[in-house]
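Coordinate analysis (summary)
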Amino acid sequence: MSDFQEHLAKLEDKQRAYAELAEVKELFASRGWFAGTSGNLSVRVGDFNPGRFQFAVTASGKDKSKRTAEDFLLVDQNGKPSEPTALKPSAETLIHCEIYRLTGAGAIFHIHSVFSNVVSEWFWERRSVPVAGVELIKGLGIWEEEAQIEIPIVPNYADIPRIVPEITDALQPRLPGVLLRKHGIYAWGKDAFEAKRHLESFEFLFEYVYRWELLQGSRR
């Protein structure tokens, strides 16, 4: 492949990633999952090596209910812009860097929802959200009958680098997600379609657990 062909392939891959992010951002915004300017999305661009990779990520401080020409930028494995730009990557880009490094994922989506925040606090002392036998566990790629999972909860700090080792320690190979306390879920997959499915499945499970806990409490 010539240098020009390689450059063209990288450009097309970046454009594909930006298009996928725009579509997912619009859908999640319509569901109210980006209160204020919260949440962040990313899609990996190009080949993957744990020590060297790139991904497209949402720019910091943008209203995600609107589509503009400055919604995304390309960053490297350290979360630094790969191209000259005045845009700043999401403040939580370092979390994306670590998840990519550990999993080799193709996309990572993070949103804020009331249900994820409430259950993360309710089960904080347990450090995980227990879910047993719910059909949507299959949406996470876990197909055992009456499957039981524990969705890990990690502490949330204003200093983002402090969160990174917490996520490193909490990641479970079969669970494509981790929940930050009183913050929200990070979900990932081999591509944008799978990451979206995983995130939607987690959100369904959080709402289920919340409502089930309410019912259980009303019986006591």
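Here, every reference points to the structure presented above.
All figures in this text were calculated on a predicted structure; none of them were measured in a lab. (Residues numbered from 1 in each chain as written. Predicted model: local features only at pLDDT ≥ 70, side-chain atom pairs only at ≥ 80, totals over all residues. Heavy atoms only, no water.)

Backbone geometry places Arg127, a non-glycine residue, at a positive phi of 70 degrees. As for its placement among the helices and strands, Arg127 is situated in the loop between α3 (114–122) and β5 (128–132). Backbone geometry places Lys182, a non-glycine residue, at a positive phi of 50 degrees. With respect to the helices, strands and loops of the structure, Lys182 is situated in the loop between β7 (177–180) and β8 (184–189). (Helix = DSSP H or I, 4+ residues; strand = E, 2+ residues; numbered from the N terminus.)

So, on to the packing of α3 against helix α5 (residues 192–218). Between α3 and α5, the shortest axis-to-axis distance is 9 Å and the interhelical angle comes to 55 degrees. Here α3 lies oblique to α5, going by the angle between them. As for how α3 packs across α5, the hand of that crossing is left-handed. In this structure, α3 contributes Phe115, Ser116, Val118, Val119 and Trp122 to the contact, and α5 contributes Glu203, Phe206, Glu207, Val209, Tyr210, Arg211 and Glu213. (Axes fitted to C-alpha atoms, helices over the stretch in contact; angles between N-to-C directions. Parallel < 35°, antiparallel > 145°, perpendicular 65-115°, else oblique. Left-handed = near helix turned anticlockwise from the far one by under 90°. Contact = heavy atoms within 4.5 Å.)

Along the chain, Lys138 falls in the loop between β5 and β6 (148–154). Assessed through its relative accessible area of 28%, Lys138 is described here as partly exposed. (Buried < 20%, exposed > 50% of the residue type's maximum accessible area, 1.4 Å probe, protein only.)

Helices that pack against each other are described as a pair by the angle of their axes relative to one another and the distance between those axes. For the pair helix α2 (residues 93–103) and helix α4 (residues 160–170), the least separation of the axes is 9 Å and the interaxial angle reads 25 degrees. With respect to α4, the element α2 is oriented roughly parallel. For the crossing formed where α2 meets α4, the hand is right-handed. Seen from α2, the contacting residues are Leu94, Ile95, Glu98, Ile99 and Leu102; seen from α4, they are Ile160, Pro161, Ile163, Val164, Ile167 and Thr168. Looking at the contact of α2 with α4, its residues break down into nine nonpolar, one polar and one charged. (Nonpolar A, V, L, I, M, F, W, Y, C, P; charged D, E, K, R; others polar.)

Attention now moves to the pairing of β7. Burial of the side chains of β7 extends over both faces: Gly177 and Leu179 are buried on one face and Val178 and Leu180 on the other. Read as a crossover between parallel neighbours, the route from β6 over α4 to β7 is right-handed. When β7 meets β8, the two strands line up antiparallel, connected through four bridges. Counterpart to Leu179 in the pairing with β8 is Ile185. Between β7 and the antiparallel strand that follows it, β8, lie three residues; Lys182 among them carries a positive phi value of about 50 degrees. (Right-handed = clockwise from strand over helix to strand, strands pointing away. Pairing = 2+ DSSP bridges.)

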